[in-house]
Amino acid sequence: GDGGGGDGGGGGAAAASIDVPYDILVLATGVTDGFWKLGRPLATADWVQLRDELQGKIDAANTIAVVGAGLNGVQLALSLANLHAKKKVSLVIAGQTVCPRFNDKYQAVVEKMLKEADVDVVRNARVAKHDVPVCKSWSSGKLVHERSGDEVLDADLVLWCIGGTANTSFLPKQWLDERGHVKVDSSLVVQGETHVLALGDISSTEKMTNAPRSQVSKTAKVVAAIAAGKKPPAIKPSTAVNDRAIGYFSKQHKMKVIMINDSGKPNSIPMAIVYTYFRYSNGKALPLKEWEAV
């Protein structure tokens, strides 16, 4: 159907729906950001205003708690600890390890970086939000354990790097787990299906591969096997650790991007490469001031 004649609740015409037949379907719709959670795009000026407001909160705080064990939380905690040596920075995580979706080598390198930056990692502390944060990203006060009701810590500023949502609400409910991720087998084939795959952050895999791009070539082999009527090959958990970079500010207040190689050794990336990537990754050149603001 064409969605009817209503405005879809958004002031414009409802999007038309179409049927697209397929032999094999690959889902890679990603997740919504776990920090800003604005649910809408912002103009550069609005981002700058939001950034300045948050910077004011950071400047005024003596103790800062970052909640979240993923890359967003780790990178933010590292940057804050290195940029603000006199502030106490804590990283509050629900489990025992940081970056739980990554392999042991990667986790070991990240743990060492956090220790060198004097970040206090508070483990096994699944916290309950105690108020509705501004922009759903920051708040202040005591962090209370979700189950026991015990206080985890008290901070002047709490930065929430959790709550990233898989973009799967349009999919059949039987495909999804309790977190909204797509349930897949060892071949990334959706459970209960034979010709539907899910890769990247929407899949329910844990430590299957380090990054979506490392799944692509492996998924292609699965697709080729299914198309040929063969049993799809299992995708082995990755032992490589160089698929994801960590970007943060160093103690010298310089931006650093670290790639971690297969031996667990971190290697810096020249900032010219980083700048070029961010400046041109959207297909057009951003003015330097605009890039720096974002």
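Residues numbered from 1 in each chain as written. Predicted model: local features only at pLDDT ≥ 70, side-chain atom pairs only at ≥ 80, totals over all residues. Heavy atoms only, no water.

### Remarks on the side chain of Q107
Alright, step 1. Turning to its location among the elements, Q107 is positioned in helix α3 (residues 104-116).
Alright, step 2. Of the polar contacts made by the side chain of Q107, one reaches the backbone oxygen of C99; its length is 3.1 Å. (Helix = DSSP H or I, 4+ residues; strand = E, 2+ residues; numbered from the N terminus. Polar contact = N/O pair within 3.5 Å; in protein donor to acceptor, adjacent residues only side chain to side chain.)

### Some details on the confidence of the model for the chain
Alright, step 1. Counting all residues, the mean pLDDT for the chain is 76, and 69% of those residues have values of 70 or more.
Alright, step 2. Below a pLDDT of 50 lies the segment residues 1-13, which in the model reaches 13 contacts outside its immediate sequence neighbourhood of four places, other chains included.
Alright, step 3. Scored below 50 in pLDDT, residues 269-294 makes 23 contacts in the model with residues more than four places away or belonging to other chains. (pLDDT = per-residue confidence, 0-100. Contact = heavy atoms within 4.5 Å.)

### With respect to the pairing of strand β4 (residues 88-92)
Alright, step 1. Counting buried positions along β4 gives four out of five residues, so the element sits mostly inside the fold.
Alright, step 2. As paired elements, strand β3 (residues 63-67) and β4 share five bridges and run parallel to each other. Bridging across to β4, I64 finds its partner in V89.
Alright, step 3. Running through helix α2 (residues 71-83), the crossover from β3 to the neighbouring parallel element β4 is right-handed. (Buried < 20%, exposed > 50% of the residue type's maximum accessible area, 1.4 Å probe, protein only. Pairing = 2+ DSSP bridges. Right-handed = clockwise from strand over helix to strand, strands pointing away.)

### Some remarks on helix α1 (residues 44-60)
Residues spaced three or four apart along an α-helix face the same direction, because each turn holds 3.6 residues.
Alright, step 1. Here α1 contains 17 residues, and its C-alpha end-to-end distance of 24 Å stays within 8% of the 24 Å for a straight helix at 1.5 Å per residue.
Alright, step 2. Among the residues making up α1, those that are buried are L50, L54 and I58. Relative to the axis of α1, the buried residues are bounded by an arc of 80 degrees and lie together on one face. α1 presents A45, Q49 and A60 as exposed residues on the side facing more than 90 degrees away from its buried surface.
Alright, step 3. Looking at the buried positions of α1, the neighbouring elements they touch are β3, α2, β7 (138-145) and β8 (151-160). (Expected span 1.5 Å × (residues − 1). Arc of directions from axis to C-beta.)

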